[in-house]
Every structure is written in C-alpha cells, then in structure tokens.
Amino acid sequence: MIGKKTEKGLHLHFDPSSGVAGDMTVAALVDAGVPEKVVRDAVKAMAVEGLKVGFERRKRGALVGLGFTVNWPGKEKAGHGHDDGHDHGHGHDHDHGHGRGHGHGHGHGHGQDSPSETSGPAHPSHTPLAALAPSHGHDHAHRSYADIRRLLRRAALAAKAKELASDIFERIAVVEGALHGVEVDKVAFHEVGAWDSIADIVGAAAAIAWLEPAAVTSSPPALGSGVIHTAHGMMPVPAPATAAILRGLPVTSDGPGELTTPTGAAILAVVVQSFGAPPPMHLRAQGFGAGTRELADRPNVLRVLLGEALGQALPASVPEVLGVFANIDDMNPQLAEPLMAALFAAGALDVWFAPIFMKKGRPALEVSALCPLSALPAVEAAFFEHSPTLGLRRQRFDRTVLERAISRVATTFGEVRVKVAARDGRILGATPEFDDCRRLAERAKVPVRRVLAEASAGAFVLTSNRKKG
C-alpha cells in the first residue's frame with residue numbers, strides 16, 4: 001500500500017496481468033486501503049451461520065500480497081481449500097458427478113479433485129452453499145439463482161454493495177442459463193453458490209462500494225491457456241462461461257492454465273467502465289491480492305491502483321500504424337500546407353515534410369504520414385488528389401504511446417486545455433494546447449508567450465505530486 005490512508009472517490013484501476021478471481025479482488029482492495037471490517041461486516045450481514053473470513057500475507061514470486069481466506073463448519077472434512085480451482089461448469093438444474101480440478105489457484109472449483117492438464121497440483125472440492133439447506137436432502141444439492149437473490153434481499157447490506165453483488169450474480173446466471181439452456185431463475189450455482197464464493201462476491205461488492213470510485217478502469221485481463229478438466233469433460237481456456245461473460249471486452253491469452261475465473265470476469269464486466277492503460281493520475285495507493293500458488297512465469301497477484309485522475313482520459317492509441325511516403329519534386333511549395341491539411345482530414349495521425357535532393361540535383365520534399373490501417377484508403381486518396389505524386393511507399397510500424405488525458409488550467413486570460421501524459425499511471429508531463437493560448441492572446445491583445453507561460457505554470461502545479469488541500 002502506497003499511502004497510510006485511502007480516500008474515497010478516487011479512480012480505481014485493475015491490473016489483471018496474472019488474471020483475476022473473486023478472492024484476489026477482495027484481497028487487493030483491502031491491501032490498497034479498504035478496511036478489513038468493511039468486508040467482514042458485509043459477509044456477516046449475509047447471516048450464513050458459521051461463515052468466517054480472514055486475511056493473510058502471502059509471497060508470490062518477488063511480491064508480497066494479501067490473501068483472502070474463508071472458513072465454514074465442515075470445511076476440513078470436505079477437503080476444501082479456498083480459491084483452489086475455478087468456478088466454471090455451474091449452471092444446471094440437476095445434480096451430477098463432479099469433475100476435476102484445474103487452474104492456477106485463485107478461483108473456485110465445483111467439486112474437482114484431480115490436477116490440471118496445464119498446471120498445478122490437485123485441487124480439493126468445494127462444498128455447495130445448498131448444503132446449508134437440509135431441505136435439499138443430499139450433499140451435492142445446488143443453490144439456484146432464485147435462492148441467491150433471496151439471500152441477498154434479506155441481507156443487511158448497504159444498498160450499493162447489495163446492488164453490485166446482485167449484478168455480478170445476475171451476469172453469471174444469465175450466461176450460464178444461455179450456455180446450458182436453463183431458465184435463469186433455475187440456474188443452479190454449485191460453485192458460485194458455495195460458501196466462499198458468496199464471501200468473494202459480497203466482499204468485493206462491499207469493498208468497491210466503500211471506495212465510491214470516481215471511475216473504474218482495467219487493463220485487459222490475462223485469460224491463460226491450455227485445457228482444463230471440468231464436470232463436463234475437458235475444455236479449453238477460457239472456460240465457456242468466462243468467454244461469454246467477457247464477450248466484446250479486450251483480453252489477452254497469455255499465461256499458464258486458467259488465470260481468469262468466471263467470478264473474476266463477472267466482477268470486471270459489471271464494474272469496469274473502460275479497458276486500457278490507467279489514465280494520468282496522482283497515485284495514492286496500490287494493493288496486491290495474492291492467489292494460493294506460485295506461477296512459473298509471473299507473480300500470482302492481482303494489482304489495483306487508486307489515484308486522483310487528471311482530466312478526461314483520451315482514447316488509447318493503436319499500437320500498430322502504417323507509414324505512407326512520397327518523394328515529390330514537381331509540386332508548387334504553396335500546395336504543401338493544403339496537402340498536410342487533407343492528409344490530417346483523411347485520418348492521418350501525423351504528417352511531416354523533409355527537404356531532400358533527387359536525381360539531377362532537383363530539390364524535393366519527402367512527404368510522410370502515419371495512419372491507422374483503417375484510414376489507409378482515405379490517406380492514399382488524399383495523397384493522389386492533393387499532390388502530383390505518381391506512387392506511394394508503405395511500411396508498418398509498432399509504437400509505444402503514453403496514456404494521455406485532457407485537463408484544464410486557469411490563467412488571467414481564460415481557461416487553457418492541457419494535455420497530460422503518463423505511463424502506468426505515473427505522470428511524466430503536461431503541455432498546454434497552443435491553439436488555446438493563441439486564441440486567448442489574440443483576444444487580450446498580448447503576446448502568445450505570456451499566456452503560454454501562465455498556462456505552463458498552471459500545468460506544473462496540476463501535475464506536481466503535492467497533494468491538494
């Protein structure tokens with residue numbers, strides 16, 4: 001944790017480069033500064049007799065993080081270890097034999113007891129929440145989504161926490177119902193209905209509600225790779241439920257075994273507003289939620305960042321662009337500016353001219369434009385329509401672009417927009433928009449440099465690490 005005290009109303013960013021699961025989410029948020037009592041009280045409010053939660057320090061790779069533990073009567077007898085396995089394969093309205101364990105050890109199983117094809121030791125089985133209800137009559141009975149809703153309705157939870165938890169359960173239930181052809185209310189949760197999964201979802205919802213984040217973002221979650229054993233046979237990673245929950249959202253497929261669980265995926269799908277790099281912000285806290293086992297290629301932790309965002313984040317830049325080039329030795333130089341304007345209007349990200357000499361000593365211009373692949377036809381058309389060139393060259397480029405946001409600073413001449421640049425949430429600089437400075441200078445009939453100087457000073461104060469107030 002960076003700061004001693006975590007404030008409410010900050011920007012919350014998830015960094016699931018090792019995947020995400022419910023228990024890791026709870027632990028990361030508490031490690032970042034959410035009081036443990038918030039989670040303990042929320043779980044207690046579910047009024048499930050004997051359900052207890054705790055926290056412990058765990059070292060994963062080179063990092064020390066917080067682990068979230070759940071205990072209940074008979075856990076040891078059931079041979080169940082919290083977050084050892086993953087929570088796919090639920091969503092039936094009948095009982096069945098349980099399958100086998102899997103994953104990298106920070107999700108939830110549903111009665112699995114043999115090792116993964118891709119990683120790790122055998123994982124003990126989960127005890128269904130339905131075992132709490134004698135009316136079901138057997139150890140492997142399941143808890144339906146309708147039952148889960150009733151549990152939440154009667155729980156003495158804060159309104160926002162209850163709403164988030166309900167939305168997360170609903171996200172999973174809808175997906176499972178579609179996958180297995182079951183009415184949503186009849187979807188049975190033989191994992192998400194388990195003791196520890198109730199604690200994970202309710203604990204995560206309570207922690208996020210307590211933070212009251214101004215906005216929530218996330219880097220694309222790592223799904224993992226390989227195959228997993230489930231109650232329904234072998235399945236590729238990501239599990240069908242995970243893939244369905246994250247449909248339309250950006251993900252990565254690196255890492256061993258199953259790294260993102262359906263519960264973790266549902267939390268992100270419900271609370272995250274946009275995916276990408278963290279916006280420029282003053283970092284105030286970070287937290288690490290640790291899984292239960294080591295990964296060979298990365299620390300098995302989920303990181304969260306909390307900070308004061310600066311302005312409105314700009315869309316993430318595409319990492320691959322095309323360079324389009326032309327050497328022109330027979331164009332009136334006065335046409336250079338209209339050509340540049342046409343290229344920008346066509347979707348070019350940048351345009352520049354360089355003086356060169358061509359054959360027979362003729363002076364010429366090398367005209368260069370960078371554009372995304374989608375803008376290539378329009379950029380090429382602009383070249384041919386606004387210059388006498390007979391041909392173009394193309395080249396692909398990979399690039400690294402800083403996160404950017406637009407903020408505003410006040411000057412004695414008026415408000416000036418400032419472009420803030422950052423990397424991984426750390427502010428690297430801020431530059432006033434020159435057009436704003438020039439417009440204000442013309443209106444006040446003063447030199448542009450006076451407005452620019454004031455705006456630059458304001459940008460420095462804006463991006464300094466000195467805390468306001």
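For every chain, the first residue of the written sequence is number 1, and numbering continues from 1 along that sequence. With pLDDT at 70 or above as the cut-off, local features in this predicted model cover only qualifying residues; side-chain atom pairs require 80 or more to be listed or tallied, and sums for whole chains, interfaces and linings still use all residues. To get the side-chain values, all heavy atoms of the structure are used, and hydrogens and water are removed first.

**Brief notes about the sheet that holds strand β20 (residues 414-423)**
Definition in use: We call two strands paired when DSSP finds no fewer than two bridges between them. Counting from the N terminus, the helices are DSSP H or I runs at least four residues long and the strands are E runs at least two residues long. Residue contacts are defined here by distance: any two heavy atoms, one from each residue, within 4.5 Å place the two residues in contact. Whenever a helix is involved, its axis is fitted only over the stretch in contact; in every case the axis is a line through C-alpha atoms, and angles between N-to-C directions fall within 0 to 180 degrees.
With antiparallel pairing, four strands are arranged side by side in an open sheet as β14-β19-β20-β21. Two strands in the sheet have a free side with no partner beyond their single neighbour: β14 (312-313) and β21 (426-432). Summarising the sheet, β20 and β21 pair through six bridges and their orientation is antiparallel. Looking across to β21, one finds that Ala-422 is bridged to Ile-427. Sheet contacts for helix α11 (residues 434-444): β19 (403-411), β20 and β21; angle to β20, the most-contacted strand, approximately 165°. Here helix α12 (residues 448-463) sits on the sheet in contact with β19, β20 and β21, set at roughly 120° to β19.

**Overview of the nonpolar core**
The criterion, for reference: Here, nonpolar core refers to any group of buried Ala, Val, Leu, Ile, Met, Phe, Trp, Tyr and Cys residues whose side-chain atoms link them within 4.5 Å. Each residue gets one of three labels from its accessible area relative to the maximum for its type: buried under 20%, exposed over 50%, partly exposed in between, using a 1.4 Å probe on protein chains only.
Grouped together as the largest cluster of nonpolar side chains are 69 residues, with contacts concentrated most on Phe-14, Met-46 and Phe-68. The greatest single-element share of this core, amounting to twelve residues, is contributed by helix α6 (residues 195-211). Counting residues in hydrophobic clusters, the runner-up holds 20 residues, among them Val-324, Ala-326, Leu-339 and Phe-383.

**Re the pairing of strand β1 (residues 11-15)**
Burial analysis of β1 places five of its five residues in the buried class, the great majority of the element. Residues His-11, His-13 and Asp-15 of β1 are buried on one face, and the alternating residues Leu-12 and Phe-14, pointing to the opposite face, are buried as well. Relative to strand β13 (residues 301-309), β1 is paired through five bridges, and the arrangement is antiparallel. In the sheet register, Leu-12 faces β13, and the bridge partner there is Leu-306.

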